[in-house]
Amino acid sequence: MAGATRGNADAPWPQWRGANQNGIAQGQGYPSQWSEESIRWKYSIPGSGGSTPVVAAGHAFFTCGGSTSDKPGDNTLVAVATDTGKESWRVNLGADRGGKHRKGSGSNPSAVTDGSHVFAYFRSGDVACVSVAGEVKWTTNLQDRYGEDTLWWDLGTSPMLTDDAIVIAVMQSGPSYLVALDKSTGEERWKTERILDAPEEAAQSYSTPLAVKVNSQDVIAVMGADHLTLHEMSSGKEVGRLGGFNPGGEKFFRSIASPVALGNIIVCPYARGATLTAVKMDELIAGKGKQAIAWMRDDLGSDVPTPAAIDGRVYLAGDKGLISALDLQTGNTLWDLELPKSRVGVSSSPLVADNHLYITREDATTYVIGPLDSSEPSVIATNQLADDEPFTVASLVPVEGGFLLRSKSTLYSIAN
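Residues numbered from 1 in each chain as written. Predicted model: local features only at pLDDT ≥ 70, side-chain atom pairs only at ≥ 80, totals over all residues. Heavy atoms only, no water.

1. Describing the environment of Ala 317
And step 1. As for its placement among the helices and strands, Ala 317 is situated in strand E23 (residues 313-317).
And step 2. Remark: the alpha-carbon pair of Ala 317 and Thr 306, spanning 11 residues in sequence, is separated by 7.7 Å.
And step 3. Excluding anything up to four places from it in sequence, Ala 317 contacts Ser 302, Pro 305, Leu 322, Ile 323, Pro 350 and Ile 359. (Helix = DSSP H or I, 4+ residues; strand = E, 2+ residues; numbered from the N terminus. Contact = heavy atoms within 4.5 Å.)

2. A look at the state of the cysteines
And step 1. A complete count under the given rule lists 0 disulfides for this structure.
And step 2. In this model Cys 64 remains outside any disulfide bridge; the closest cysteine sulfur is found in Cys 129, 19 Å from its own. (Disulfide = S-S within 2.5 Å.)

3. Let's talk about the pairing of strand E13 (residues 188-193)
And step 1. The sheet contact formed by strand E12 (residues 177-182) and E13 spans 5 bridges and is antiparallel. Bridged to Leu 181 within E13 is Glu 188.
And step 2. Following E12, the chain reverses through 5 residues before pairing antiparallel with E13; Gly 186 in that reversal takes a positive phi of roughly 85°. (Pairing = 2+ DSSP bridges.)

4. Regarding the packing of aromatic side chains
And step 1. Applying the stated criterion across every chain, the model contains 11 aromatic pairs.
And step 2. Summarising the aromatic geometry, the rings of Phe 61 and Trp 89 are spaced 5.8 Å apart at their centres and angled 40° between planes, so their arrangement reads as tilted. Taken together, the residues span a long stretch of sequence, with Phe 61 in strand E3 (residues 59-64) and Trp 89 in strand E5 (residues 87-95) at a distance of 28 residues.
And step 3. On the accessibility criterion, Trp 89 (11% relative accessible area) is buried.
And step 4. Taken together through their ring pairs, the aromatic side chains of Tyr 30, Trp 34, Tyr 358 and Phe 403 make up a single cluster.
And step 5. When the ring centre of Phe 391 is taken as reference, the NZ or CZ atom of Lys 103 above it lies at 6.0 Å. (Phe/Tyr/Trp six-rings, centres within 6.5 Å; stacked < 30°, edge-to-face > 60°. Buried < 20%, exposed > 50% of the residue type's maximum accessible area, 1.4 Å probe, protein only. Lys NZ or Arg CZ within 6 Å of the ring centre and 35° of its normal.)

5. Points about the sheet that holds strand E7 (residues 117-121)
And step 1. Reading across the sheet, the 4 strands line up as E6-E7-E8-E9 and stay open at both edges, with antiparallel pairing between neighbours. The sheet is open, and its two borders are formed by strand E6 (112-113) and strand E9 (136-141), each paired with just one other strand.
And step 2. Pairing of E6 with E7 involves 2 bridges; the strand directions are antiparallel. Its bridge partner lying in E7, Val 112 is registered against Phe 119.

6. Here's the deal with the confidence of the model for the chain
And step 1. A residue-level look at the chain finds 96% of positions with pLDDT of 70 or above and a mean pLDDT of 94.
And step 2. Below pLDDT 50 for its whole length, residues 1-9 participates in 34 contacts with residues either more than four positions away or in separate chains. (pLDDT = per-residue confidence, 0-100.)

7. Details of the environment of Trp 13
And step 1. Mapping Trp 13 onto the fold places it in the segment before strand E1 (41-44).
And step 2. The exposure class assigned to Trp 13 is buried, which follows from its relative accessible area of 4%.
And step 3. Along the chain, Trp 13 and Gln 26 lie 13 residues apart, while their C-alpha atoms are 9.9 Å from each other.
And step 4. Once residues lying within four places of it in the same chain are set aside, the contact partners of Trp 13 are Gly 18, Gly 23, Ile 24, Ala 25, Pro 53, Val 54, Val 55, Leu 351, Val 397 and Pro 398.

8. Quick look at unusual backbone geometry
And step 1. Cis geometry is found at the peptide bond from Gly 370 to Pro 371, where omega equals -10°.
And step 2. Note that Pro 371 resides in the loop between strand E28 (366-370) and strand E29 (378-383).
And step 3. Here Pro 390 and Phe 391 are connected by a cis peptide whose omega angle stands at 10°.
And step 4. Examined against the element boundaries, Phe 391 turns out to sit in the loop between E29 and strand E30 (397-399).

Structure, rendered in structure tokens:
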């Protein structure tokens, strides 16, 4: 199994993209139709941010910035009860640096949780561990430790968890690295430099590392700076590297979408949504280089949304609304369809739930496509909400047979 988060028995949705980091909801009975009148509850978010909520201990945890209960301008971690929508607590975790891009903020990375603690990371470089009861256990700042942020745009990469550490990838035009911080103390367990030959903005990546298993070995996969690298989870040591994702040396190929892994194959969106490359991870570790490439497409891809993968299929959401299902082994298109034409794009990542694919647009409109086991799935529902102000960038989260949807200013609970 690829991408399993450790210690997540009490965390139904422990990180952005779920327990296996592949955008798959477990269980059945999820709603396919909703409106503002049929939602379970909604919560007004006390600040700006684009992070996807994570779920554990009966709560949704998410970050925001810009305003808090007692003073403006703080990074904030919030806990909201999933059954009632009532806020249980919020804590301040450093000064909010705000955002540069119209879709961005100082609170774009999603938190991660092991069921007992929540770990949050902000554009300011602040990293914190907070118990699910709201007690701050430790804080640190990566930029104070290792150097300032040199990203042209807002921080986007989310942390991931191992058994004993929180792992963060910093890929930028300055010092780039992969670092593991002890979950209990925040102290460095290991740090690996990741300085690769990529020009200007192409050296910058907003993607999230994946926890994968290759030949029974626990590995971290990192995509960015024109390269895929594989690292020992226990030490950070690089065990595999594949370049060539930017053969023309384009200066502005920053990467946003994260890869997705299923079994031994990792699928990597790149080139601002122009390419999609599948790599056999065991062959890459064996030193086969480009021979490890299973297939490559240069006629479709995804610039921002990260693909979902299950049952030998990869589901791809293009930024302009082209939705595709590909065979994982061959890369062949099984079907595709276009969402209704709109000037509104797609920045959140697709979710597979109960034989349907859910795609949320930047105006908080969610399209439901299915059934996925048919030869020609179609859009079976279009669900709109009142908070349609740009930009909804957080991804849909399954919880208790329903969903959490974070729009620009509101957290919605959607149930049957």
